[in-house]
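Working through the structure, step by step
The chain contents come next:
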Amino acid sequence: MGTVNVINVAAKHKPAWYQRLYSYSIANGLWITLKHFIKAAFLKGAVTLEFPEKKRKFSTRFRGMHTMKRDELGRERCTSCFCCMWICPADAIKIEAGHVTPELQHLHPEDKFAKKFEIDLLRCIFCGMCEEACPKGAIYLDGPAEMAADNREDLILTKERMMQKVGGPILGERL
C-alpha cells in the first residue's frame, strides 16, 4: 500500500504577526470605507441612483419581466404550442389552449391560441429558455425590471398583463 502526502493547509497559509491583530483588520476596513466615501463625495463617482426619477441603463442581454409580443397586424404571436411550458425547468408556465373561431380569426394567425397563459414569478428562475424555445417569437424577457409586490397574486403574470398593446416587427436579435 502506498503512502499519502497530506498537506497542512492551515500551516501553509499562516498570517503574518501584524495581520493577526484586530487593529490591523479594523484599519484596513476603515481605509476601504474612506476610499469609497472620497470617491462618492468629492470625485462625483456616486454609486446610487435616485430611483423613481432616474432609471438604470441595462445591458441588451438583461432578462427583465416577461412580455408577449404582437405581430405587425396587431395579432397575438402565441399559438399555444406549449414549447415554453415544456422547456421551463422551474415549471413556472401554465398554458390553456383554445380553438380560434371565425369571429376571433382577426386576432390570431393560427387555428389555436392561448386562452390562458400564466407565469408564476415566484417559481421562475429567469433562465430565458422559454424565450429561446418559442418558434414564433411570442415571449421575450425584455420588460421592466421592477418586481415589487404586496402579495403573491401580483407575482403571477397573466396574458393580459404581459401582452403588448401595439404590435410590430421584432427588431434585432438577442446576443
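All of these numbers come straight from a predicted model, not from anything done at the bench.

Rules used throughout
Residues numbered from 1 in each chain as written. Predicted model: local features only at pLDDT ≥ 70, side-chain atom pairs only at ≥ 80, totals over all residues. Heavy atoms only, no water. Core = buried A, V, L, I, M, F, W, Y, C linked by side-chain atoms within 4.5 Å. Buried < 20%, exposed > 50% of the residue type's maximum accessible area, 1.4 Å probe, protein only. Helix = DSSP H or I, 4+ residues; strand = E, 2+ residues; numbered from the N terminus. Contact = heavy atoms within 4.5 Å. Phe/Tyr/Trp six-rings, centres within 6.5 Å; stacked < 30°, edge-to-face > 60°. UniProt positions renumbered as here; feature names shortened; annotations may be inferred. Pairing = 2+ DSSP bridges.

Okay, the nonpolar core next. Side chains of a nonpolar character, in soluble globular proteins, are inclined to be buried together. In terms of nonpolar packing, the biggest core is built from 25 residues, with I93, I95, F117, I119 and L121 touching the most fellow members. Listing elements by their share of this core, those giving two or more residues are strand 2 (93-99) and strand 3 (112-120). When residues in this core are grouped by element, the largest group, three residues, is from strand 3. Setting aside chain neighbours within four positions, we find F117 in contact with M68, C78, C84, I93, K94, I95, I139, L157, T158, K159 and M162.

Let us look at the environment of L141. Along the polypeptide, L141 turns up in the loop between strand 4 (139-140) and strand 5 (156-158). For L141, a relative accessible area of 1% translates into the label buried.

Each aromatic ring pair is described using two quantities: the centre-to-centre distance and the angle formed by the ring planes. Here the structure, examined in full by the defined rule, presents five aromatic pairs. Measuring from centroid to centroid gives 5.9 Å for W17 and Y18, while their planes differ by 90 degrees, and the two rings are edge-to-face. Accessibility expressed as a relative area gives 63% for W17, which makes it exposed. Judged by relative accessible area, which is 37%, Y18 ranks as partly exposed. Ring geometry for F37 and F42: centres 6.2 Å apart, planes at 85 degrees, overall edge-to-face. Owing to a relative accessible area of 49%, F37 belongs among the partly exposed residues under this scheme.

Quick look at the UniProt feature "binding site: [4Fe-4S] cluster 2" (unreviewed entry) in the protein now. According to UniProt, the positions carrying the feature "binding site: [4Fe-4S] cluster 2" (unreviewed entry) are C88, C124, C127 and C130. Spatial clustering of the annotated residues is evident: they stretch over 43 residues in sequence, but the largest pairwise C-alpha distance comes to 10.5 Å. On the accessibility criterion, C88 (16% relative accessible area) is buried. The class of C127 is partly exposed, set by a relative accessible area of 24%. Not counting residues within four places of it along the chain, the set of residues in contact with C127 comprises R63 and P89.

What follows is about the pairing of strand 3. Two elements, strand 2 and strand 3, share seven bridges in a ladder whose sense is antiparallel. Bridging from a neighbouring strand, H99 pairs with K112 of strand 3. By the bridge criterion, three bridges tie strand 3 to strand 5 in an arrangement that is antiparallel. Bridge pairing links D120 to I156 in strand 5.

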